[in-house]
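# Structural description and commentary
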Amino acid sequence: MSSTLRIVYHYALARGLRKWKTRAQLERWQERQIIRHVERVREKSPFYREWWGNVDASNWRSFPLIDKTIMMQHFDRLNTVGISKGEAMALAGESEETRDFKPSVQGVTVGLSSGTSGNRGLFLVSDREQDAWTGTVLAKLLPGGLWKPAKIAFFLRANSNLYESVQRGKLQFQYFDLLERVDTLVERMETYRPTVWVAPPSMLRMLAEAYTSGTLTTVPDKIISVAEVLDPLDRKVLESVFEQTIHQVYQCTEGFLGATCGFGTLHLNEDIVHIEKEFIDPTTRRFVPVITDFSRTSQPIIRYRLNDILTEAAVPCACGSPFTAIERIEGRCDDTLYFPHRQTGEAVPVFPDFVTRAVIAASPVIEHYRVVQRGSGMLEVSLRLGGGEGMQQVEFCVKRELTKLGERLECTIPEIIFVPYTFEPGITKLRRVERQHTCSEAFG
């Protein structure tokens with residue numbers, strides 16, 4: 001089958017060639033796909049063959065978990081295409097340095113995740129997997145699919161053959177490097193006038209500011225947030241400025257995990273991945289996802305525990321999809337803050353969403369914010385205001401709301417200091433709530 005036919009095939013599948021009337025039907029189909037996939041991987045991957053031992057494929061849920069550390073430690077024996085970690089890292093590093101992301105190894109695309117330099121992950125995608133990804137993305141994200149003309153602007157830290165492959169037929173594609181100056185990017189947008197924007201929310205906010213000031217005059221048919229958590233404040237501002245629903249993609253090194261439907265609800269892509277829910281707090285529907293991607297064999301991802309925190313929707317989406325609906329992506333497990341309990345001094349976890357909502361509730365003039373918990377437990381808060389109330393008054397209100405949050409959780413709020421707000425999109429992802437230490441460092 002040619003590359004084009006593969007893309008069309010996977011496009012048709014993702015658009016609904018497969019139909020599941022019930023969740024039970026979907027889960028039975030997933031089970032069959034995973035068992036077949038596990039059997040194939042066991043033959044091709046020395047790492048997984050040893051990792052699973054003699055456990056039967058039908059008992060795949062009892063396989064031990066892996067994570068990024070394990071995957072990188074065993075990279076050479078885990079992947080099935082014979083690419084070493086050394087050669088993959090060398091190619092990815094050279095691409096990052098030259099900003100030329102086209103080279104591949106043995107026809108396999110190599111990419112580098114955008115994590116911190118000490119914990120960055122490598123991903124491998126074959127030509128066949130790239131075509132499947134392209135077909136699925138086109139079906140789930142683009143307004144007119146394969147046949148309606150569209151001009152796509154991708155704002156990303158690093159380009160990839162994976163993203164370039166979206167450019168097919170009537171679809172035009174341009175890569176906008178987040179390391180370029182914002183005014184240069186805006187000038188290119190004015191010339192290109194894309195109909196679809198794909199960018200991190202921190203970059204979308206800058207485009208919104210350029211649009212409000214008049215330096216950017218183009219408005220797309222669809223805006224898709226990627227790479228960073230779409231904070232409620234950012235969503236509210238963007239939807240107000242551009243007067244349209246802001247869509248989301250949930251994608252990481254480990255796969256294309258979710259996308260929004262026509263109602264703007266994020267759904268897990270359960271036609272290509274299975275996601276087990278490791279519940280942190282069942283009463284609030286928060287869970288850590290454990291991924292099994294049964295569509296990918298070059299670098300198999302099976303029972304892979306992410307560091308993310310997702311909140312499952314309380315009710316099914318009106319679109320009728322059997323795929324799990326997600327109320328929000330909150331961030332990472334290590335973005336959970338910890339406050340000391342009033343009586344015991346025990347470190348109490350405070351989910352990022354609690355902190356976000358406390359800050360946003362403090363004042364309507366807050367345009368940007370960050371809350372960082374340092375090694376001592378101290379909270380460093382930075383704000384940027386849009387006018388109206390003075391900074392001193394807003395800081396007082398933020399401190400009051402955070403204190404109220406502590407009272408609800410029966411915790412003592414750590415010392416709060418306010419610092420100037422600074423952030424530029426680029427190599428670093430924006431994390432509005434962040435913890436830069438371990439719990440034991442704070443309260444040990």
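Residues numbered from 1 in each chain as written. Predicted model: local features only at pLDDT ≥ 70, side-chain atom pairs only at ≥ 80, totals over all residues. Heavy atoms only, no water.

## Section: the overall build of the protein
Selection rule: In this description a helix means any DSSP run of H or I spanning at least four residues, a strand means any run of E spanning at least two, and both kinds are numbered starting from the N terminus. A simple rule labels every residue: compare its accessible area, found with a 1.4 Å probe on the protein chains alone, to the largest value its type can have, and call it buried under 20%, exposed over 50%, or partly exposed in between. The contact rule is simple, with two residues in contact once any of their heavy atoms fall within 4.5 Å. Accessible surface is estimated by sampling points in the Shrake-Rupley manner with a 1.4 Å probe; for residues, cover comes only from the protein chains shown.
What the protein contains, in helices and strands, is 14 helices and 20 strands. When each of the 444 residues of the protein is scored for burial, the buried share is 55%. Considering only contacts in the protein between residues 6 or more positions apart, those separated by 24 or more positions represent 60%. Accessible surface, the protein as shown: approximately 19,600 Å² in total, 51% of it carbon and sulfur.

## Concerning a positive patch on the surface
Which entries qualify depends on this criterion: To count toward a patch, a residue needs a relative accessible area above 30% and no salt bridge. Like charges then connect within 9 Å, nonpolar side chains (Val, Leu, Ile, Met, Phe, Trp, Tyr) within 5 Å. What makes a salt bridge here is a side-chain nitrogen of Lys or Arg within 4 Å of a carboxyl oxygen of Asp or Glu, nothing more. The sign given to each residue is positive for Lys and Arg and negative for Asp and Glu; His and the chain ends receive no count. In plain terms, the charge of a residue is placed at NZ if it is Lys, CZ if Arg, CG if Asp and CD if Glu.
Together, Arg-28, Arg-32, Arg-36, Arg-40 and Lys-44 make up a positively charged patch on the protein surface. The residue Arg-40 is located in helix α2 (residues 23–44) in this model.

## Focus on the environment of Phe-155
Position of Phe-155 among the secondary structure elements: in strand β3 (residues 150–156). Take Phe-155: its relative accessible area is 0%, and that puts it in the buried class. Separated by 45 residues in sequence, Phe-155 and Pro-200 have C-alpha atoms that sit 7.2 Å apart. Residues in contact with Phe-155, not counting those within four places in the same chain, are Phe-176, Leu-178, Leu-185, Met-189, Val-198, Ala-199, Pro-200, Met-203 and Leu-207.

## Describing the sheet that holds strand β18 (residues 379–385)
Strand pairing within a sheet occurs via backbone hydrogen bonds; the two strands may be parallel or antiparallel. Using the following cut-off: Only when DSSP finds a minimum of two bridges between them are two strands counted as paired. Axis lines are fitted to C-alpha atoms, over the contacting stretch for helices. Their N-to-C directions set the angle, which ranges from 0 to 180 degrees.
The four strands are arranged β19-β18-β17-β20 in an open sheet whose pairing can be described as mixed. Looking at strand neighbours, the two that pair on one side only are β19 (416–420) and β20 (433–435), the edges of this open sheet. For this sheet, the mean angle separating the axes of adjacent strands, direction not counted, is 20°. With five bridges joining them, β18 and β19 adopt parallel strand pairing. Residue pairing for β19: Glu-380 is matched across the bridge by Ile-417. Here helix α13 (residues 391–408) sits on the sheet and contacts β17 (366–373), β18 and β19; the angle it forms with β18, its principal contact strand, is near 135°.

## Here's the deal with the packing of helix α10 (residues 201–213) against helix α11 (residues 232–242)
Where we set the bar: Note on convention: near helix rotated counterclockwise from far helix by under a right angle means a left-handed crossing. Clockwise means right-handed. Three categories are distinguished: nonpolar for Ala, Val, Leu, Ile, Met, Phe, Trp, Tyr, Cys and Pro, charged for Asp, Glu, Lys and Arg, and polar for the others, with Gly belonging to the last.
At a closest axis distance of 10 Å, the pairing of α10 and α11 adopts a crossing angle of 35°. For the pair α10 and α11, the crossing hand works out as left-handed. In this structure, α10 uses Pro-201, Leu-204, Arg-205, Leu-207, Ala-208, Tyr-211 and Thr-212 to contact α11, whose residues at the interface are Leu-233, Asp-234, Val-237, Leu-238, Val-241 and Phe-242. Across the contact of α10 with α11, the residue classes tally to ten nonpolar, one polar and two charged.

## Comments concerning the packing of aromatic side chains
What counts here: Aromatic rings from Phe, Tyr and Trp, with only the six-membered ring used for Trp, were paired whenever their centres fell within 6.5 Å, and each pair was classed as stacked if the ring planes differed by under 30 degrees, edge-to-face if by over 60, and tilted otherwise.
Under the criterion given, the structure shown has 14 aromatic pairs. Note on Phe-47 and Trp-51: the rings are 5.1 Å apart at their centroids and 25° apart in plane angle, and the pair reads as stacked. Here the residue Phe-47 and the residue Trp-51 both occupy positions in helix α3 (residues 46–52), the gap between them amounting to four residues, near one helical turn. On the basis of relative accessibility, which here comes to 28%, the residue Trp-51 falls in the partly exposed class. Considering the side-chain rings of Phe-351 and Phe-354, the 5.8 Å spacing of their centres and the 75° angle between planes classify their relative orientation as edge-to-face. A relative accessible area of 26% means that Phe-354 is categorised as partly exposed.

## Digging into the nonpolar core
The line we're drawing: Definition used in this section: a nonpolar core is a set of buried Ala, Val, Leu, Ile, Met, Phe, Trp, Tyr and Cys residues joined via side-chain atoms within 4.5 Å.
Of all hydrophobic cores here, the largest spans 53 residues; its most connected members are Val-38, Tyr-48, Tyr-250 and Phe-256. It is α2 that contributes the most residues to this core, five residues altogether. The residues contacting Phe-256, other than those within four sequence positions of it, are Trp-133, Thr-136, Val-137, Lys-140, Leu-141, Val-249, Tyr-250, Gln-251, Asn-269, Ile-272 and Val-273. Grouped together as the second largest cluster of nonpolar side chains are 26 residues, Val-355, Ile-366, Val-371 and Val-394 included.

## Section: unusual backbone geometry
Backbone geometry at Ala-227 places phi at a positive 75°, although glycine is not the residue there. Phi at Arg-285 takes a positive value of approximately 65°, unusual for a residue other than glycine. You can see Arg-285 is positioned in the loop between β10 (273–281) and β11 (286–293).

## Details of the confidence of the model for the protein
Test applied: The predictor rates its confidence in each residue with pLDDT, a number between 0 and 100.
For the protein, mean pLDDT is 86; residues scoring 70 or higher make up 86% of the total. Confidence, read as mean pLDDT per element, is least for helix α14 (residues 439–443) in the protein (41) and greatest for α3 (97). Low confidence marks residues 438–444, where pLDDT is under 50. Its contacts with residues over four positions away, or in another chain, come to 13 contacts.

## Considerations on the pattern of salt bridges
For the structure on display, the rule yields 29 salt bridges. With a shortest N-O distance of 2.5 Å, Arg-285 and Glu-327 are connected by a salt bridge. Of this pair, Arg-285 sits in the loop between β10 and β11 while Glu-327 sits in strand β14 (residues 325–332), and the two are 42 residues apart along the sequence. For Arg-285, a relative accessible area of 24% translates into the label partly exposed. A salt bridge links Asp-353 to Arg-286; the nearest nitrogen and oxygen atoms lie 3.9 Å apart. With a gap of 67 residues between them, Asp-353 in helix α12 (residues 352–362) and Arg-286 in strand β11 connect regions that are remote in the sequence. Comparing Asp-353 with Arg-286, the two get one shared label, buried. A cluster of three or more residues bridged by salt bridges with shared partners is formed by Arg-285, Arg-286, Glu-327, Arg-328, Glu-330, Asp-353 and Arg-357.

## As for α11
The cut-off we apply is this: What the arc covers is the set of directions going from the helix axis to the C-beta atoms.
Buried within α11 we find Leu-233, Asp-234, Leu-238 and Phe-242. One side of α11 carries all its buried residues, which in axial view fall inside an arc of 130°. Seen from the buried face of α11, the exposed residues on the opposite side, beyond 90 degrees, are Lys-236 and Ser-240. Where α11 terminates, the next one or two residues include Glu-243, which has phi positive at roughly 55°.

## Thoughts on the side chain of Asn-269
Rules: Counting of polar contacts relies on pairs of N or O atoms within 3.5 Å, with two restrictions inside protein: one atom must be capable of donating a hydrogen and the other of accepting it, and residues adjacent in sequence are counted only when both atoms are side-chain atoms.
On the secondary structure map, Asn-269 appears in the loop between β9 (266–268) and β10. Side-chain polar atoms of Asn-269 contact the backbone oxygen of Phe-256, separated by 3.1 Å. With sequence-adjacent residues up to four places away left out, Asn-269 is seen in contact with Lys-140, Phe-256, Leu-257, Gly-258 and Ala-259.

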